[in-house]
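# Chains, contacts and geometry: an overview
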Amino acid sequence: MRDKKVRLIIAGFEINTWDMASIDSAIDTPADAWSFSLFDEQDHVLPAGVRKGAKVQLYYGDELLLTSVADQVQEKVDRSGYALSISGRDLAGQLIDCSVPIFNGRQMTLDELVNKYVMGGDLKGLFKGANIQNNAWLKNKVSVEPGENIWDAIVKAAAVTGQHVWLEPDSTLSIGDPFINAYKVATPLRLNKPDNNNNALSAEYTEDASNEYSEIKLLGQDGNAKNLSASFKSNSKAHNRLKIVTMADIETQAEANTTIDKIKKDNDLQAYRLSSSVQGWEVDGRAWSTGFYVNFESNRITRATAKWAVMGCTFTLSRSAGMLTQLRMQRQGDWAQPLLHKEQRK
């Protein structure tokens, strides 16, 4: 297999001789951060277009990893040579940095927010498009207040339909379930002793009981002051611990049941974690990515042998270690979509 180069294209100018690189992504954190740097004994003169704010595309070989703009371009010279560093965030960073251009609170739909302020307005041309998996509730409106950033407004509007928001590598804004069509990695992660076909360099498995409860009770009232409740109980927890949650906007028993399931899954999501470092940036002939499902096999941490979901990954490149991928995983099936957002009654 030929070596794949790490390529940064900025303002149409390609640089592929990097000494260090880092690209970080996570499903539950917007604005993937990245940084690239190189050193040369010879000085360089950058093209005029290579500057802060320039459009950036990051590639692994021919595979697009991220679309961005450069937040920072830094050049440094001394007696030993020339250093160049370029860093930024994916285009979600632009939505976080920009306020919705309104000066009085108003009601807006998800469709209005996306078309007017992402595909149009000051950011027109930055984003490739928008993909909404469930558009059945697009007419539902949310309150947008002066000073609220575009990303938060979109996340709130998407939550009206119980959907998550993330950005694809090609700058498409996706709204839906990030695991609905999860890629199932064909090659298991292995870390056994003796070394027999291992492809993981290290693994760290964590069980965390700090936010774990043996019993959760949800209490609420509908619009007619009728009491609503839902509960979950487990006999497999280390200690008997009760958590009571009160919510004022639960209107039906079905909503109460959905909410208790969300609370349970969020607790489970934080209770089990696996991180692993692997050589290189790819698996099954493609770059690792958040949203992948992967099996982990080990006779050294047997409790971690299970099916996992990749929640975050960090690609790194250095002269000393070469190319590495750090995977952050949580158990398959523990992810739950956001609860339906409801506007406060006035």
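In case you missed it, the structure is sitting above this.
Everything in this summary refers to the structure shown in the same document. (Residues numbered from 1 in each chain as written. Predicted model: local features only at pLDDT ≥ 70, side-chain atom pairs only at ≥ 80, totals over all residues. Heavy atoms only, no water.)

We now examine the overall build of the chain. Tallying secondary structure elements over the chain gives 4 helices and 23 strands in all. Projecting the C-alpha coordinates of the chain onto the three principal axes gives extents of approximately 75 × 60 × 35 Å. Across the 346 residues in the chain, those meeting the buried criterion constitute 46%. In the chain, once contacts between residues fewer than 6 apart in sequence are set aside, the share between residues at least 24 apart is 66%. Split by element, the accessible area of the chain, about 18,400 Å² in all, is 47% carbon and sulfur. If the 40 positive side-chain charges of the chain are averaged to one point and the 43 negative ones to another, these points end up 3 Å apart. (Helix = DSSP H or I, 4+ residues; strand = E, 2+ residues; numbered from the N terminus. Buried < 20%, exposed > 50% of the residue type's maximum accessible area, 1.4 Å probe, protein only. Contact = heavy atoms within 4.5 Å. Areas by Shrake-Rupley, 256 points an atom, 1.4 Å probe, with all protein chains shown as cover. Lys, Arg positive; Asp, Glu negative; His and termini not counted. Charge placed at Lys NZ, Arg CZ, Asp CG, Glu CD.)

Looking now at the nonpolar core. Of all hydrophobic cores here, the largest spans 47 residues; its most connected members are Ile86 and Trp288. With 5 residues, the single largest contributor to this core is strand β22 (residues 306–318). Setting aside its immediate chain neighbours within four residues, Trp288 contacts Val185, Leu189, Val278, Trp281, Glu282, Val283, Val294, Cys313, Phe315, Thr325 and Leu327. (Core = buried A, V, L, I, M, F, W, Y, C linked by side-chain atoms within 4.5 Å.)

So, about the packing of helix α2 (residues 110–117) against helix α3 (residues 150–159). It is the contact of α2 with α3, at a shortest axis distance of 9 Å, that shows an interaxial angle of 150 degrees. Classified by the angle between their axes, α2 and α3 sit roughly antiparallel to one another. Note on packing geometry: the crossing formed by α2 with α3 is left-handed. Judged by residue contacts, Leu110, Leu113 and Tyr117 of α2 engage Ile150, Ala153, Ile154, Ala157 and Ala158 from α3. Along the lines of polarity and charge, the residues of the contact of α2 with α3 split into 8 nonpolar, no polar and no charged. (Axes fitted to C-alpha atoms, helices over the stretch in contact; angles between N-to-C directions. Parallel < 35°, antiparallel > 145°, perpendicular 65-115°, else oblique. Left-handed = near helix turned anticlockwise from the far one by under 90°. Nonpolar A, V, L, I, M, F, W, Y, C, P; charged D, E, K, R; others polar.)

So, on to empty space enclosed by the protein. Applying the stated criterion across every chain, the model contains 1 cavity of 30 Å³ or more. A volume near 40 Å³ is recorded for the largest cavity. Every residue lining the largest cavity is listed: Glu212, Tyr213, Ile216, Phe232, Lys237, Lys264, Asn267 and Asp268. Tallying contributions element by element places helix α4 (residues 253–271) first for the lining of the largest cavity, with 3 residues. For the lining of the largest cavity, the per-class residue count stands at 3 nonpolar, 1 polar and 4 charged. (1 Å grid on protein atoms, 1.4 Å probe; cavity = no way out; pocket = protein on both sides within 12 Å on 5 of 7 lines; lining within 4 Å. Points joined across faces, edges and corners; volume = space filled by probe spheres on them.)

Let us look at the packing of aromatic side chains. Following the criterion strictly, the structure yields 9 aromatic pairs and no others. Both rings, one in Trp18 and one in Phe36, keep their centres 5.3 Å apart while their planes meet at 75 degrees; by these two values the pair is edge-to-face. With Trp18 in the loop between β2 (13–15) and β3 (20–26) and Phe36 in strand β4 (residues 33–40), this residue pair connects regions lying 18 residues apart in the sequence. Take Trp18 and Phe36: they sit in the same class, and that class is buried. An aromatic cluster is defined as three or more aromatic residues linked by ring pairs; in this entry it consists of Trp18, Trp34 and Phe36. The positively charged end of Arg241 is found above the aromatic ring belonging to Tyr213, 5.2 Å away from the centroid. (Phe/Tyr/Trp six-rings, centres within 6.5 Å; stacked < 30°, edge-to-face > 60°. Lys NZ or Arg CZ within 6 Å of the ring centre and 35° of its normal.)

This part covers the side chain of Thr67. Inspection of the secondary structure assignment puts Thr67 in strand β6 (residues 63–78). Under the relative-accessibility criterion, Thr67 is labelled buried at 5%. Non-local contacts of Thr67, meaning those with residues more than four positions away in its chain, are made with Lys55, Val56, Gln57, Asp90, Leu91, Pro169, Asp170 and Ser171.

Below, the discussion takes up the layout of surface pockets. The space that makes up the largest pocket amounts to roughly 970 Å³. Elements with a minimum of two residues in the lining of the largest pocket: β3, β6, α3, β11 (164–167), β20 (286–287) and β22. The greatest single-element share of the lining of the largest pocket, amounting to 5 residues, is contributed by β6. For the lining of the largest pocket, the class distribution of residues is 26 nonpolar, 11 polar and 7 charged. As for the second largest pocket, its lining consists of 19 residues, and the residues nearest its centre are Thr258, Thr259, Pro338, Leu339 and Leu340. A breakdown of the residues in the lining of the second largest pocket according to their chemical character gives 7 nonpolar, 6 polar and 6 charged.

Quick look at α3 now. Because the α-helix completes a turn every 3.6 residues, residues three or four places apart line up on one side. With 8 of 10 residues buried, α3 lies mostly within the body of the structure. What α3 keeps buried is the set Ile150, Trp151, Ala153, Ile154, Lys156, Ala157, Ala158 and Ala159. Where α3 is buried, its residues meet α1 (92–97), α2, β10 (141–144), β11 and β12 (172–176). The backbone nitrogen of Trp151 has a side-chain oxygen 3.1 Å away, supplied by the residue at the start of α3, namely Asn149. (Polar contact = N/O pair within 3.5 Å; in protein donor to acceptor, adjacent residues only side chain to side chain.)

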